[in-house]
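# Descriptive structure summary
One letter stands for each residue in the lines below.
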Amino acid sequence: MAKAIFGAGCFWSPEEHFRKVPGVTDVAVGYAGGTKDNPTYEEVCTGNTGHAEVVEVEYDPAKVEYEDLLKVFFEIHDPTQVNRQGPDVGTQYRSAVFFEDAEQEAAARAAKEKLKASGVPVATEITKADTFWRAEDYHQQFLAKRRKGVFGNLFR
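The notes below deal with the structure included here. Quantities reported herein were computed from a predicted structural model and do not represent experimental measurements. (Residues numbered from 1 in each chain as written. Predicted model: local features only at pLDDT ≥ 70, side-chain atom pairs only at ≥ 80, totals over all residues. Heavy atoms only, no water.)

What follows deals with the pairing of strand β1 (residues 2-8). When you tally the buried positions in β1, you get six out of seven residues, the bulk of the element. Here five bridges tie β1 to strand β3 (residues 52-59), and the two strands are oriented antiparallel to one another. When the bridges of β3 are listed, A4 appears paired with V57. Sheet analysis places β1 next to strand β6 (residues 95-99), joined by four bridges and oriented antiparallel. Each residue of the ladder has a partner; that of F6, found in β6, is V97. (Buried < 20%, exposed > 50% of the residue type's maximum accessible area, 1.4 Å probe, protein only. Helix = DSSP H or I, 4+ residues; strand = E, 2+ residues; numbered from the N terminus. Pairing = 2+ DSSP bridges.)

Set out below in structure tokens:
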């Protein structure tokens, strides 16, 4: 198994998108790229920790390539926005790729350059991965749990 870390705005939606990719074995939401150990959601939301909301994607490289995950990443958010995605504003919502090794870094930079060459003003940061801090349990699979709670009661 291998891991990839992506920041694409609020982590709830990217988590759902990556869970649907064949070859992805697990997705966790959390925080990366900041200065405080084990930050809380409330601390990250202040903008003072420097963390981005991210997804950590565990995948089987024999079934899905990192380049395919990058394609999903760039398709599910607006990589041209700086420190925001739609109505969500703040450094924690920045577009970012946190690479694990030289191969991931090269692939991320190549994908970004390909988009820029086609006229897309990509603002995505590409940074060496540091510690991934798993978000609080209530954030994990948040949208799936919410759907089940909201709609599950309607069909009983």
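Here we take up the pattern of salt bridges. Any two side chains of opposite charge can pair, so long as their charged atoms come close to each other. Under the definition given, this model contains seven salt bridges. Put simply, K36 and E43 hold a salt bridge, and the shortest N to O gap is 3.5 Å. Judged by relative accessible area, K36 falls into the partly exposed class, the value being 33%. Overlapping salt bridges, with partners in common, bring together E15, R19 and D26 in one network. (Salt bridge = Lys/Arg side-chain N within 4 Å of Asp/Glu carboxyl O.)

Here we take up the environment of A4. Residue placement: A4 occurs in strand β1. With relative accessibility at 0%, the residue A4 sits in the buried group. Between the C-alpha atom of A4 and that of R147, which follows or precedes it by 143 residues, the distance is 26 Å. Each residue touching A4, except ones within four places of it in the same chain, is listed here: V55, E56, V57, Y59, Y66, L69 and Q104. (Contact = heavy atoms within 4.5 Å.)

The subject of this paragraph is helix α4 (residues 102-117). Here α4 contains 16 residues, and its C-alpha end-to-end distance of 22 Å stays within 8% of the 22 Å for a straight helix at 1.5 Å per residue. Here α4 has its buried residues at Q104, A107, A108 and K112. Projected down its long axis, α4 carries its buried residues within an arc of 130°, all on one side. Across from the buried face of α4, at angles greater than 90 degrees, the exposed residues are A102, E103, K114 and A117. Where α4 is buried, its residues contact β1, β3, α3 (66-75), β6 and β7 (125-128). Among the residues of α4, the N-terminal cap falls to D101, whose side-chain oxygen and the backbone nitrogen of E103 are separated by 3.2 Å. (Expected span 1.5 Å × (residues − 1). Arc of directions from axis to C-beta. Polar contact = N/O pair within 3.5 Å; in protein donor to acceptor, adjacent residues only side chain to side chain.)

This paragraph deals with the nonpolar core. In this structure, F6, F18, Y66 and L69 are the most contacted members of the largest nonpolar core, which totals 31 residues. Counting only elements with at least two residues in this core, the list comes to β1, β2 (24-32), α2 (41-45), β3, α3, β6 and α4. Sort the elements by how many residues they give to this core and α3 lands first, with six residues. When neighbours within four sequence positions are excluded, Y66 is seen to be in contact with A4, F6, Y59, V97, Q104, A107 and A108. Counting residues in hydrophobic clusters, the runner-up holds nine residues, among them A28, A96, F98 and A129. (Core = buried A, V, L, I, M, F, W, Y, C linked by side-chain atoms within 4.5 Å.)

The next thing to look at is the packing of α3 against α4. Packed helices, taken two at a time, are described by the angle their axes make and the gap between the axes. Viewed as axis vectors pointing N to C, α3 and α4 meet at an angle of 45°, and their least axial separation amounts to 10 Å. Our classification of the angle between α3 and α4 gives oblique. The handedness of the crossing between α3 and α4 is right-handed. For the pair α3 and α4, contact is made by Y66, E67, L70 and F74 and by Q104, A107, A108, A111, K112 and L115, respectively. In terms of residue class, the contact of α3 with α4 is built from seven nonpolar, one polar and two charged. (Axes fitted to C-alpha atoms, helices over the stretch in contact; angles between N-to-C directions. Parallel < 35°, antiparallel > 145°, perpendicular 65-115°, else oblique. Left-handed = near helix turned anticlockwise from the far one by under 90°. Nonpolar A, V, L, I, M, F, W, Y, C, P; charged D, E, K, R; others polar.)

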